[in-house]
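Listed below are the residues making up each chain.
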There are 2 protein chains.
Amino acid sequence: MTMRGLDRETATAQPDIALARRLFDELARRTGTRKGITRASYGLGEQIAHDMVRREARSLGLDIRTDAACNLYVSLPGRTDGPGVWLGSHLDSVPLGGNYDGAAGVLAGLSVVSGFRKAGVVPPRGVTVMAIRAEESTWFNASYIGSRAAFGRLAPDELDSVTRASDGITLRAAIAAAGGDLEALGQGRPGLRPRDPGLFVETHIEQGPLLLARGIPLGIVTGIRGSFRYRHAECLGAYAHSGATPRSERQDALKAVAALIVEMDRLWDRRSAGGEDLTVTFGQIGTDPAEAAFSKVPGKVRFSVDVRSDSQATLDSVRAEMDAIIDAVSARERVRFRLGPLSTSQPAAMAPAAIDALRAAAVAEAVPAITMPSGAGHDAAVFAQMGVPTAMLFLRNENGSHNPDEAMDMEDFACAARVLSRLCLDFGA
Amino acid sequence: MTMRGLDRETATAQPDIALARRLFDELARRTGTRKGITRASYGLGEQIAHDMVRREARSLGLDIRTDAACNLYVSLPGRTDGPGVWLGSHLDSVPLGGNYDGAAGVLAGLSVVSGFRKAGVVPPRGVTVMAIRAEESTWFNASYIGSRAAFGRLAPDELDSVTRASDGITLRAAIAAAGGDLEALGQGRPGLRPRDPGLFVETHIEQGPLLLARGIPLGIVTGIRGSFRYRHAECLGAYAHSGATPRSERQDALKAVAALIVEMDRLWDRRSAGGEDLTVTFGQIGTDPAEAAFSKVPGKVRFSVDVRSDSQATLDSVRAEMDAIIDAVSARERVRFRLGPLSTSQPAAMAPAAIDALRAAAVAEAVPAITMPSGAGHDAAVFAQMGVPTAMLFLRNENGSHNPDEAMDMEDFACAARVLSRLCLDFGA
């Protein structure tokens with residue numbers, strides 16, 4: 001009897017994978033650059049993606065609204081009112097990134113509601129697909145702008161102090177250009193209350209290699225790593241002749257930064273061996289092209305560092321230890337470090353009930369899934385911190401994310417969409 | 001009797017320091033940029049400097065000639081023919097460099113012959129001031145272009161394969177623009193034979209801090225360090241998400257280069273402790289601004305390395321050890337190094353007789369001088385390798401060279417010019 005019911009319901013809830021396939025293709029075509037794709041936060045590529053989702057929602061007859069920060073909400077009503085299932089992710093990308101990071105979560109939601117619409121299925125509760133703005137902090141050097149703004153949680157000064165790296169435009173000007181409501185944002189008026197979603201699920205490609213290595217299509221996220229970052233750090237020594245300056249007289253900024261990188265790697269190794277969750281990445285480095293030369297001891301080096309952990313205690317103690325390493329290296333190499341602005345994000349645990357609901361849906365659809373942490377930050381962290389019952393579904397993906405070679409299999413995407421459909425049919429039933 | 005002779009000759013051979021002072025000022029004014037001075041090899045700044053020397057030589061009534069590579073020779077005849085004293089250095093500079101590196105040697109020579117001319121003194125042998133082209137290999141990525149060309153020793157392919165870093169112009173086009181004779185250069189026809197100079201002395205600011213530390217105005221160089229260099233090396237890993245890629249899965253190009261830098265520094269420390277002469281400098285580094293991000297494991301890092309020693313055996317064994325370090329780091333970090341073109345220069349010992357002659361002149365002029373090695377490469381190395389009796393005179397200088405803060409004291413410069421005058425009066429007497 002249960003089996004019969006299950007069969008009938010899955011038969012009527014096939015997600016619309018053809019729609020997703022068509023929109024992925026269109027995104028690649030319209031937001032592709034010479035290498036990879038680029039959808040700048042509050043820029044042209046992101047706007048194209050939002051306009052596409054709005055167009056599809058209109059043709060599906062969904063309810064459409066935007067909030068003050070231009071986040072887009074498209075909703076299919078359910079049989080009864082009350083908090084429903086929210087399926088959301090972002091539509092921006094890093095510069096020269098891939099087509100799936102972010103977009104996969106929005107298109108998965110859209111394929112679910114389109115599947116319901118086309119099959120004439122009305123789920124127990126409403127389903128809202130949310131296209132979130134400005135998740136990729138590469139652009140504005142601030143985390144989770146769109147989702148924080150949705151909850152009315154942008155700091156008042158951010159609108160003017162935060163600028164886009166690519167063109168120096170302020171966040172205020174960028175949101176205004178996209179049609180946002182700066183007055184509401186300035187006053188912190190939310191477009192979304194924590195009690196609106198009964199369940200928020202962000203579907204996202206996995207940005208590491210774990211699912212691929214395990215041969216599993218889906219991951220159910222247990223928590224999101226927090227971070228601390230110095231994006232514009234520098235080390236100052238003294239330029240000197242490379243052949244004529246003895247070892248003892250040097251103030252070599254690059255030797256100092258290299259020592260810092262190597263010692264932070266040893267710290268990482270030690271902490272990992274001790275069972276702590278941690279990543280340490282020096283992603284960017286550069287001597288000054290105008291002043292450095294192969295025949296000069298480098299007098300200045302710029303670099304960035306990004307440290308992540310699922311434990312705030314680990315983040316705090318690694319930061320203290322990094323300060324101590326920097327003090328020791330500075331004294332030894334006779335250089336000075338200027339770390340510049342610090343940005344941080346807190347670790348966020350996913351809701352056990354939401355994890356259980358996803359796991360049950362995966363079992364019901366017979367899709368293999370494992371639980372795992374998220375090493376990357378996601379808007380889901382904001383929802384979790386606001387008290388929304390939140391979960392994340394990871395999609396197997398080759399070559400990592402934030403690069404043109406992201407490779408998500410549409411078969412895996414279809415598995416995720418089926419799990420989400422099932423979740424929507426079960427939630428509130 | 002000897003004292004009387006000495007007194008009379010010094011009284012009539014005061015170098016023309018006022019001329020040098022005027023020309024240093026003019027050089028600073030006409031080749032200064034927003035920061036420091038820039039005299040590109042076969043570029044505008046170098047040409048201005050050569051034109052100035054030619055103008056002064058004409059007004060002093062000296063013999064003037066240039067060779068196929070546009071090196072400039074201005075000569076004062078002596079009482080008898082035969083190989084005389086050659087006083088030379090270069091007139092180009094690194095980008096945003098200082099006013100004295102190179103120019104000091106040419107202006108010292110000019111102040112000597114101007115002193116003779118104005119006092120009506122005819123030295124025993126002729127004195128030739130040589131303004132050498134293109135010594136600073138920052139521009140053309142090749143060492144000693146001007147002096148090698150003077151001896152007909154440019155490799156035939158260098159004219160077309162060597163290009164200027166600042167604008168990509170070939171050496172052939174650059175020399176042609178300066179009025180050189182490409183046919184003669186292509187055929188290796190020398191403008192200067194090793195037996196032409198009886199003695200070649202290159203006066204140059206010290207590029208390290210030794211004379212300043214010792215409180216001595218002049219250094220007499222015993223030998224010039226050779227080098228090996230990779231100016232366009234790179235390390236290739238794989239871009240990956242900084243938060244989601246576990247330690248074990250990374251191919252972090254920057255971590256690998258940092259390990260190389262730290263291990264080469266240990267090698268340097270060990271070799272120095274063992275008494276070997278060595279410098280190791282990683283002068284430039286950079287991730288790709290278009291691809292790297294603070295939130296990506298860096299997949300590519302460019303860097304340069306410059307290793308120098310007065311011993312060819314040390315250079316050879318350090319290179320072998322560096323290769324072994326690179327192999328080990330590549331295997332450990334799962335990256336690949338592409339070192340790119342290798343450029344080398346051989347160590348060159350100065351001639352004992354030439355060193356003695358300089359030492360005797362310094363004693364006669366009562367100017368304190370110590371003997372010391374040259375950590376930097378100089379055109380004098382080419383003269384020594386061609387069999388010319390060669391010496392170098394170092395001038396005390398603050399803040400090193402190859403930077404806008406070079407600080408040579410004109411008092412020290414006058415001491416050097418007096419020693420050179422004395423040398424010219426004693427040589428062949």
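Reading the values: rules and limits
- Within any chain, residue numbers begin from 1 and follow the written order of that chain's sequence.
- Chains and ligands are labelled by the order in which they are written, letters from A for the one and numbers from 1 for the other.
- Per-residue local features are limited, in this predicted model, to residues with pLDDT of at least 70; the limit for side-chain atom pairs, both in listing and counting, is 80 or more; totals at the level of whole chains, interfaces and linings are taken over all residues.
- To get the side-chain values, take all heavy atoms of the structure and skip hydrogens and water.
- In what follows, a contact means two residues having at least one pair of non-hydrogen atoms within 4.5 Å.
- Two parts placed together each lose some accessible area under a 1.4 Å probe, and adding up what both lose gives the buried area.
- Salt bridges, as used here, are contacts in which a Lys or Arg side-chain nitrogen is within 4 Å of a carboxyl oxygen on Asp or Glu.
- Identification of polar contacts relies on pairs of N or O atoms within 3.5 Å, with a donor-acceptor requirement for protein atoms, meaning one able to donate a hydrogen and the other able to accept it, and with residues adjacent in sequence counted only if both atoms are side-chain atoms.
- Comment: elements are numbered from the N terminus, with helices defined as DSSP H or I runs of at least four residues and strands as E runs of at least two.
- Each residue gets one of three labels, nonpolar for Ala, Val, Leu, Ile, Met, Phe, Trp, Tyr, Cys and Pro, charged for Asp, Glu, Lys and Arg, and polar for the others, Gly among them.
- A least-squares superposition brings the copies together, and it is based on the C-alpha atoms of residues with pLDDT no lower than 70 in both.
- A simple rule labels every residue: compare its accessible area, found with a 1.4 Å probe on the protein chains alone, to the largest value its type can have, and call it buried under 20%, exposed over 50%, or partly exposed in between.

Here we look at the interface of chain A and chain B
Okay, step 1: Each partner contributes to the interface: chain A provides 58 residues, whereas chain B provides 58 residues.
Okay, step 2: At the boundary of chain A with chain B, total buried surface from both sides reaches about 4,900 Å², with 58% on carbon and sulfur atoms.
Okay, step 3: The tally of links from chain A across to chain B stands at eight salt bridges.
Okay, step 4: For the salt bridge of E291 of chain B with K35 of chain A, the shortest nitrogen-to-oxygen distance reads 3.0 Å.
Okay, step 5: Between the two partners, chain A and chain B, sit 28 residue pairs in polar contact (both at pLDDT 80 or more).
Okay, step 6: Sorting elements by how many residues they give to the side of chain A that touches chain B places helix α11 (residues 253-273) of chain A first, with eleven residues.
Okay, step 7: The class makeup of the residues in the side of chain A that touches chain B is 21 nonpolar, 21 polar and 16 charged.

Some points on the relation of the copies chain A and chain B
Okay, step 1: Placing chain A over chain B gives an RMSD of 0.2 Å and needs a rotation angle of 179 degrees, together with 0.1 Å of translation along the axis. One copy is carried onto the other by what is essentially a two-fold rotation axis.
Okay, step 2: Most of the interface of chain A is mirrored in chain B: 98% of its interface residues are interface residues there too.

Some words on the side chain of N71 of chain B
Residue and element names in this part refer to chain B.
Okay, step 1: Along the chain, the position of N71 falls in the loop between β1 (63-66) and β2 (72-76).
Okay, step 2: Residue class for N71 comes out buried when judged on its relative accessible area of 0%.
Okay, step 3: Separated by 2.9 Å, the side chains of N71 and D67 make a polar contact.

Remarks on unusual backbone geometry
Okay, step 1: In the Ramachandran plot, N141 of chain A falls in the positive-phi region, its phi being about 55 degrees despite a non-glycine side chain.
Okay, step 2: Along the chain, N141 of chain A turns up in the loop between α5 (137-140) and α6 (145-150).
Okay, step 3: Judged by its relative accessible area of 34%, N141 of chain A is partly exposed.
Okay, step 4: Backbone geometry at R334 of chain B places phi at a positive 55 degrees, although glycine is not the residue there.
Okay, step 5: Note on placement: R334 of chain B falls in the loop between α12 (312-333) and β13 (336-338).
Okay, step 6: With relative accessibility at 38%, the residue R334 of chain B sits in the partly exposed group.

Some remarks on the environment of A366 of chain A
Okay, step 1: Relative to the helices and strands, A366 of chain A resides in the loop between α13 (352-364) and β16 (369-374).
Okay, step 2: Distance from A366 of chain A to A348 of chain A, taken between C-alpha atoms, is 28 Å for residues 18 residues apart in sequence.

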